[in-house]
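Coordinates in review
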Amino acid sequence: MQLSTKHLLGIRDLHPKDIQLILDTAKQFKEVLQRPIKKVPSLRDITIVNLFYENSTRTRISFELAEKRLSADTINFSASGSSVSKGETLLDTVNNILSMKVDMVVMRHSATGAPHFLAQHIPAAIVNAGDGINEHPTQALLDAFSIQEKLGVLKGKKVAIIGDIMHSRVALSNIYLLTKMGAEVTVAGPPTLIPKYLKDSFGIHVTYNVREALEWCDVANVLRIQLERQNQVLFSSLREYNRAYGITKPLLSSLQKDIIIMHPGPINRGVELDSDVADSGQSIILDQVENGVAVRMAVLYLLSGRKEANN
Amino acid sequence: MKGVSTIMEEKQLRLTLQRLAHELIENHFPFEDTCLIGIQPRGIAISDYIYQYIKEIHPDVNIPYGKLDITFYRDDFRGQIHLPNITDLTFSIEKKNVILIDDVLYTGRTIRAAMDALLDHGRAKKVELCILVDRKFSRELPIHPDFVGKSIDSIVTQKVKVYWGDEKKVILYESV
């Protein structure tokens, strides 16, 4: 049993069987993380470079921890302070790193498709840790793992994805994954932040009314307003956004049921999510972070097994 | 399957497992600071039986019993991915006598991995090995069982399989 792919570039290319395999394997790694010694020697012969061309806290620490828990050797690279500022190209940078015998590349880049481009040109296994506004596959996997842990199965569950859908790679990866695994998806947010084609291409529901989405769903995955990717005015002010689309405690309490609140982080407190919601018992935001390490261990473990096939 | 020969029928298999259980009782009763650990996946049927049998004879002794998965500790996982099984160790093995239980002892590599895996759960006082079928003269590592159900002579091309479903038996067959 192994993954049908050599890289993890996006959920789009993954078979439902691959997704299930990753989630099942992650469950065993979660057990490893509860032990007194939270480390296994599986990847002790593997070297991994974390190539971060864009800022990150959670994903980067989570990947690095996952690599260390698997006993892999790691190198960290961030674009600032490197020769990228001297004009070195992406391919040159990566080839130089690979010539020092590196087996896997974990990569975040602000350009959509950057990891796909690398995958065509280098022999190492590539894990996409977020590319532009395209995909963030490990985030979708850990979201799915967290939902599964809470609700048992994904199939038939109702998930609302709320907020800045247009600029969110988390949203796209989640939509791919959830629809592949048989969950129902609704996206909600301001019309200016929801791409038009979503409904037709994925067969998911679209609403501009957050309350309606919350009343319908079992799980609400609330996304961050990505101000750094917005170069035009898409809503008038953060305060207005919070009033119309933010999740507040009174709104949550007025629902007839207890839904699960998720957020990929970092939270804009008081914008898309109020503090008393983010810190409430319904929120599993910190569980998501914990599960992230187990899921990334599973991805790295399953991809590393194909080493011999590459060489 | 070619060249199949039965090593143990159900009746003998049960007798052998019961004898192993009695040997454990003889050496470790009343099981103070002693725990049983079955190795996933195929050692579990054996360890379940032995554990239940000891509990039947001595219902009031409390023996910690766990299951250990060694997938992440294997030395042969490149090339072929082995899917992990559940590790279920709810107690500490610190300063305990650990009895590892598996179905077949062949090269010794599984037991090597199991000892590595055990180290991550604490420092055991002593580790012993209880095996249903010992394929002697085929070890690749200096590992020796303490409790043996049955010793057999076999060659590299042969395999041993323990059936523990509706039909219970141990067979030896040609793998090529």
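Residues numbered from 1 in each chain as written. Chains lettered and ligands numbered in written order. Predicted model: local features only at pLDDT ≥ 70, side-chain atom pairs only at ≥ 80, totals over all residues.

Turning our attention to the overall build of chain B. When helices and strands are tallied, chain B shows 3 helices and 8 strands. In chain B, the order of α-helices and β-strands from amino to carboxyl end is β-α-β-α-β-β-α-β-β-β-β. Over its C-alpha atoms chain B spans a radius of gyration of 16 Å, differing by no more than 12% from the 16 Å that the globule rule assigns to 176 residues. For the C-alpha atoms alone, the extent of chain B along its principal axes is close to 45 × 40 × 30 Å. Looking at chain B residue by residue over its 176 residues, the buried ones come to 34%. Once local pairs closer than 6 in sequence are excluded, the contacts in chain B between residues at least 24 apart make up 69%. (Helix = DSSP H or I, 4+ residues; strand = E, 2+ residues; numbered from the N terminus. Rg over C-alpha atoms; globule rule 2.2 N^0.38 Å. Buried ≥ 20, exposed ≤ 12 C-beta atoms within 10 Å, placed from the backbone. Contact = placed C-beta atoms within 7 Å.)

Of regular secondary structure, chain A possesses 13 helices and 9 strands. The C-alpha atoms of chain A give a radius of gyration of 19 Å, which matches the 19 Å a tight globule of 311 residues would have. For chain A, the C-alpha atoms occupy an extent of roughly 55 × 45 × 35 Å along the three principal directions. A buried classification covers 45% of the 311 residues belonging to chain A. Within chain A, residue pairs in contact and separated by at least 24 positions form 74% of the contacts whose partners lie at least 6 positions apart.

Moving on: the sheet that holds strand S9 (residues 260-262) of chain A. Residues and elements named next belong to chain A. Strand order in this open sheet of 5 strands is S7-S6-S5-S8-S9, and the pairing throughout is parallel. At either margin of the open sheet sits one strand with a lone partner, and together these are strand S7 (205-207) and S9. Strand-to-strand, the axes of this sheet are offset by a mean angle of 20 degrees, without reference to chain direction. Where strand S8 (residues 219-222) and S9 come together, 3 bridges link them in parallel fashion. Bridge pairing in S9 links Asn221 to Met262. (Pairing = 2+ DSSP bridges. Axes fitted to C-alpha atoms, helices over the stretch in contact; angles between N-to-C directions.)

Attention now goes to the domain arrangement of chain A. Residues and elements named next belong to chain A. Each assigned domain of chain A is listed with its residue range as follows: domain 1 (16-135 + 290-310) and domain 2 (137-287). For domain 1 and domain 2, the distance between their C-alpha centres works out to 26 Å. Those elements giving two or more residues to the side of domain 1 that touches domain 2 turn out to be helix H1 (16-32), strand S4 (125-131) and helix H12 (285-304). Sorting elements by how many residues they give to the side of domain 1 that touches domain 2 places H12 first, with 6 residues. (Domains from an automatic or database assignment.)

In this section: the sheet that holds strand S2 (residues 34-39) of chain B. Residues and elements named next belong to chain B. Taken in spatial order, the 5 strands of this open sheet run S3-S2-S4-S5-S6, and their pairing is parallel. The open sheet is flanked by strand S3 (65-68) and strand S6 (147-153), the only strands paired with a single partner. Strand-to-strand twist of the sheet, defined as the mean angle between neighbouring strand axes without regard to direction, takes the value 25 degrees. Across 4 bridges, the pairing between S2 and S3 is parallel. The partner of Ile37 across the bridge, within S3, is Gly66. Of the strands in this sheet, S2, strand S4 (97-105), strand S5 (126-136) and S6 touch helix H1 (residues 10-28), which is tilted by about 135 degrees from S6. Each of S2, S3, S4 and S5 touches helix H2 (residues 43-57); the most contacted strand, S2, lies at about 150 degrees to it.

The next point concerns the pairing of strand S7 (residues 158-164) of chain B. Residue and element names in this part refer to chain B. Of the strand pairs in this sheet, S7 and strand S8 (residues 168-174) are connected by 7 bridges, and their pairing is antiparallel. Counterpart to Lys159 in the pairing with S8 is Tyr173. Connecting S7 to the next strand, S8, in antiparallel fashion are 3 residues.

Residues at a pLDDT of 70 or more form 97% of chain B, whose mean pLDDT is 90. Predicted complex metrics record ipTM = 0.73 and pTM = 0.86. (pLDDT = per-residue confidence, 0-100.)

Further remarks concern the environment of A:Asn174. Residues and elements named next belong to chain A. Along the chain, the position of Asn174 falls in helix H6 (residues 169-180). Residue Asn174 is classed as buried on the basis of its C-beta count, with 31 C-beta atoms lying within 10 Å. Considered as a pair, Asn174 and Ala140 are 34 residues apart in the sequence and their alpha carbons are 4.8 Å apart. When residues no more than four places from it in sequence are discounted, the contact partners of Asn174 are Ala140, Asp143, Ile161 and Asn221.

Another aspect to go through is unusual backbone geometry. For the peptide bond that leads from A:Gly265 to A:Pro266, omega is -10 degrees, which places it in the cis range. Looking at the element boundaries, A:Pro266 is found in the loop between S9 and helix H11 (275-278). Omega for the peptide link from B:Gln40 to B:Pro41 comes to -10 degrees, which places this bond in the cis form. Position of B:Pro41 relative to the elements: it lies in the loop between S2 and H2. If you check the backbone angles, B:Lys95 has positive phi at about 60 degrees while not being a glycine. Turning to its location among the elements, B:Lys95 is positioned in the loop between S3 and S4.

This next bit is on the pairing of S8(B). As paired strands, strand S1 (residues 2-8) of chain B and S8(B) are joined by 4 bridges and run antiparallel to one another. Across the sheet, residue B:Ser5 finds its bridge partner in S8(B), namely B:Leu172.

Residues and elements named next belong to chain B. Inspection of the secondary structure assignment puts Val127 in strand S5. Judged by local crowding, Val127 falls into the partly exposed class, with 18 C-beta atoms found within 10 Å. The spacing of Val127 and Phe29 is 98 residues in sequence and 16 Å in space, taken between C-alpha atoms. Not counting the four nearest positions on each side in its chain, Val127 is found in contact with Val98, Leu100, Met115 and Leu118.

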